[in-house]
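In case you want the letters, here they are:
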Amino acid sequence: MGLEPVKLGGQLELRGVGKRFPAPGGDLEVLRDIDITIAPGEFLAIVGGSGCGKSTLLRLIAGLEQPSSGAVLLDGRGIAGPGRDRGLVFQDHRLLPWQTVRENVAFALAEPGGAQARRTVAEHIELVGLQGFEHTYPGQLSGGMAQRAALARALVNRPGVLLLDEPFASLDALTRIQLQQEILRIWQRERTTVVLVTHDIDEALFLGDRVLVLSPRPGAIRRLVQVPLPRPRQRGGAGFQELRKVIYREFFTDEEVLMDYVV
Amino acid sequence: MSSNRPGATRLAQYLLLPIIIAGGWELAARTGLVQNTLLPPPSGVLAAFWNLLVRGRLLMHAAASLQRVLAGFALAAALGLGVGIAMGTSRAGGRLGDLVIQVLRPIPPIAWIPLAILWFGIGESSKVFIIFLGAVFPIVINTLEGIRATDRHFVELARVLEVPRGRFVRQVILPGALPAIITGLRVGLGNAWVCVVAAELIAADKGVGFIIVDGRELSRTDVVIAGMATIGIIGKLMDVALRHLEARLVRGRAAYSGE
């Protein structure tokens, strides 16, 4: 398969990013003072409870929202809106039900017609392991397969940045683990910058170079954890469990009693 | 043979009620429960129907009515889809058309007949106009509502992927609205067929409506009912045709069809 190496780039900088939404009885502060630089090719996992603003953070990078304060930069330039230089996978697969897998993947292309487009689409369907299902409609796919198709669509423009918004949250545990391994394989091959939002600490530790822990309401950086473990990581390994404890502690600082249960 | 049984069962379920109605009706007429001049038995209607058919008049009249319906419906579909899409995809367009559509829509097409005759005479144009009026509003309204029901998530997806507006309308908006659009076309076609008969009852020298008027003047209730039955049958056939069109056009979706 002739996938060319990805162009260098995909550096993300968040500088003092804050986000408020207007709400009755005063603005709702969702994110406060987020400062982080994500290197080209890095895999950053963001974990936090529901309502901590982690999805909003991803939407800011995607350009679907604008920060209320601070700036989000991609390769040094401010992000003004959505663009094909960033691929996005939603929690729901969001495939068009009236298009086949192949048509759904081609939907992302600027020029969906022509031999080059057909080749690119075929390559990415193969990349996510969906060859043979090109002409299948989303309604006939399992949840995991639909999410694979969504991944192919997010990657087909060869974006410098891949944004994953809890992409495996609605899948069963086995499919989730399978897709985590797939993501890892694809990332190691494409060397795209990946930002993954999740509420699953194991998932964050299995995949991320670093894990950003967000505090709830407003979301602020509570801790940035380096994950120096070699891949593929063993979920039962001592280092993995040690880091898992560190992150759990960030969530349950006031509820030490839970430690016995989770560890 | 046993492989045919589900099909045979379905056919039986389909025909059961019509057979019961026709049987009861025939019985009521035969036993003198109803006067034959007021309600002739189905066998009498069938005979009148056959008589109309073999003398060639029925097909000629049906063709005349069908031609009017197709002309009025084609106009209504072209204008209705255009206006519905314009109103659905543009907020300003939606506001612009809303009052006019909502005020004109409740006026029954038959109420337009005096003006239609005044403007277009008693020829074909006035009938086509009435049919157009009957068909156009359901097409506009259903197209508009189908478009407005587009999943916001898909709108966001198109934004993320920077899909140009033309492709967005063709690949997201219209396929999503297609079931509603086809419902609008089906209701519109049904209305068109109702309107052609209404228009022909007023003034016509051919058409299925004319058969009914002619039957009434000759006090032939069997001919009147045969004409009515023709209307029903052709209406059903047109609906079947549109359903087939829907099955061909709507892709990737399965709907509930009862248990």
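Residues numbered from 1 in each chain as written. Chains lettered and ligands numbered in written order. Predicted model: local features only at pLDDT ≥ 70, side-chain atom pairs only at ≥ 80, totals over all residues.

Caption draft 1: Up close: the overall build of chain A. Broken down by element type, chain A carries eight helices and 10 strands. Against the compact-globule benchmark of 18 Å for 263 residues, chain A has a radius of gyration of 19 Å, which places it among compact chains. Each principal axis of the C-alpha atoms in chain A carries an extent, and together these give about 55 × 40 × 35 Å. Evaluated residue by residue, chain A yields a buried proportion of 41% over its 263 residues. Excluding contacts between residues fewer than 6 apart, the proportion of contacts in chain A whose partners are at least 24 apart in sequence is 69%. (Helix = DSSP H or I, 4+ residues; strand = E, 2+ residues; numbered from the N terminus. Rg over C-alpha atoms; globule rule 2.2 N^0.38 Å. Buried ≥ 20, exposed ≤ 12 C-beta atoms within 10 Å, placed from the backbone. Contact = placed C-beta atoms within 7 Å.)

Caption draft 2: Region of interest: the interface of chain B and chain A. Taken residue by residue, the interface counts 15 residues in chain B and 16 residues in chain A. Residue contributions to the side of chain B that touches chain A peak at six residues, all from helix H7 (residues 152–160) of chain B. A per-class count over the side of chain B that touches chain A returns seven nonpolar, three polar and five charged. (Nonpolar A, V, L, I, M, F, W, Y, C, P; charged D, E, K, R; others polar.)

Caption draft 3: Examining helix H2 (residues 42–54) of chain B more closely. Residue and element names in this part refer to chain B. Helix length check: H2 (13 residues) gives 18 Å between terminal C-alpha atoms against 18 Å at 1.5 Å per residue, within 8%. Restricting attention to buried positions, one finds in H2 the residues Val45, Ala48, Phe49 and Leu52. Down the axis of H2, the buried set is contained in an arc of 100°. They therefore lie on one face. Residues Trp50 and Val54 are exposed on H2 and point more than 90 degrees away from its buried face. The inward-facing, buried residues of H2 contact helix H3 (57–89), helix H9 (208–217) and helix H10 (221–249). (Expected span 1.5 Å × (residues − 1). Arc of directions from axis to C-beta.)

Caption draft 4: Layout of the environment of Arg191 of chain A. Mapped onto the elements of the fold, Arg191 of chain A is located in the loop between helix H5 (173–190) and strand S8 (193–198). Along the backbone, Arg191 of chain A and Phe43 of chain A are 148 residues apart, and their C-alpha atoms lie at a distance of 9.1 Å.

Caption draft 5: Region of the structure containing the sheet that holds S8 of chain A. Residues and elements named next belong to chain A. Pairing within the open sheet is mixed, and its six strands lie in the order S6-S7-S8-S3-S9-S10. The strands lining the two open edges of the sheet, one partner per strand, are strand S6 (86–89) and strand S10 (220–226). Across the sheet, the mean angle separating the axes of adjacent strands is 20° when strand polarity is ignored. Each of S6 and strand S7 (161–165) is contacted by helix H4 (residues 143–155), which is oriented at about 165° to S6, the strand it contacts most. (Pairing = 2+ DSSP bridges. Axes fitted to C-alpha atoms, helices over the stretch in contact; angles between N-to-C directions.)

Caption draft 6: Layout of the packing of H2 of chain B against H10 of chain B. Residue and element names in this part refer to chain B. Close contact between H2 and H10 brings their axes to 8 Å; oriented N to C, the two are set at 75°. Classified by the angle between their axes, H2 and H10 sit roughly perpendicular to one another. For the pair formed by H2 and H10, the contact residues are Gly44, Val45, Ala48, Phe49 and Leu52 on the first element and Asp222, Val223, Ile225, Ala226 and Ala229 on the second. In terms of residue class, the contact of H2 with H10 is made up of eight nonpolar, one polar and one charged. (Parallel < 35°, antiparallel > 145°, perpendicular 65-115°, else oblique.)

Caption draft 7: Examining the pairing of S10 of chain A more closely. All names here are of chain A. Relative to S10, strand S9 (residues 210–215) runs antiparallel, the two sharing six bridges. Bridge pairing links Leu214 to Ile221 in S10. As consecutive antiparallel partners, S9 and S10 are separated by four residues, and within that stretch Arg217 has a phi angle of approximately 40°, a positive value.

Caption draft 8: Structural detail: the nonpolar core. If you look at the biggest cluster of nonpolar residues, it comprises 128 residues, and the most contacted ones within it are Ile46, Val105, Ala152 and Val195 of chain A together with Ile131 and Ala192 of chain B. The biggest single contributor to this core is helix H8 (residues 165–202) of chain B, with 16 residues. If near-sequence neighbours (up to four positions away) are discounted, Val195 of chain A is found in contact with Ile38, Leu44, Ile46, Leu58, Ile61, Val161 and Leu163 of chain A. (Core = buried A, V, L, I, M, F, W, Y, C linked by C-beta atoms within 7 Å.)

Caption draft 9: Geometry of the sheet that holds strand S5 (residues 77–78) of chain A. Residue and element names in this part refer to chain A. Strand order in this open sheet of four strands is S2-S1-S4-S5, and the pairing throughout is antiparallel. Edge strands, defined here as strands with exactly one partner in the open sheet, are strand S2 (28–38) and S5. The sheet contact formed by strand S1 (residues 12–21) and strand S4 (residues 69–74) spans five bridges and is antiparallel. The residue of S4 that forms the bridge with Arg15 is Ala71.

Caption draft 10: Representation of the confidence of the model for chain B within the structure. The predicted model of chain B averages 89 in pLDDT, with 95% of residues at 70 or higher. ipTM for the predicted complex: 0.84, alongside a pTM of 0.80. (pLDDT = per-residue confidence, 0-100.)

Caption draft 11: Spatial organisation of helix H4 (residues 91–104) of chain B. All names here are of chain B. Across its 14 residues, H4 extends 20 Å between first and last C-alpha, which sits within 8% of the 20 Å expected from 1.5 Å per residue. Its axis deflected by about 40° at Asp98, H4 carries its strongest bend there. Burial analysis of H4 places just zero of its 14 residues in the buried class, a small minority of the element. (Bend = angle between axes of the 7 residues up to and from the residue.)

Caption draft 12: Layout of the packing of H8 of chain B against H9 of chain B. Residue and element names in this part refer to chain B. Where H8 contacts H9, the axes come no closer than 7 Å and their chain directions differ by 45°. In terms of axis orientation, H8 runs oblique to H9. For H8 against H9, the interelement crossing comes out right-handed. In contact with Val196, Val197, Ala199, Glu200 and Leu201 of H8, H9 contributes Val208, Gly209, Phe210, Ile212 and Val213. Considering only residue class, the contact of H8 with H9 consists of eight nonpolar, one polar and one charged. (Left-handed = near helix turned anticlockwise from the far one by under 90°.)

Caption draft 13: Structural view of the environment of Ala110 of chain A. Note on placement: Ala110 of chain A falls in the loop between helix H2 (101–106) and helix H3 (115–127). Note: C-alpha distance between Ala110 of chain A and Gly26 of chain A (84 residues apart in sequence) is 41 Å.

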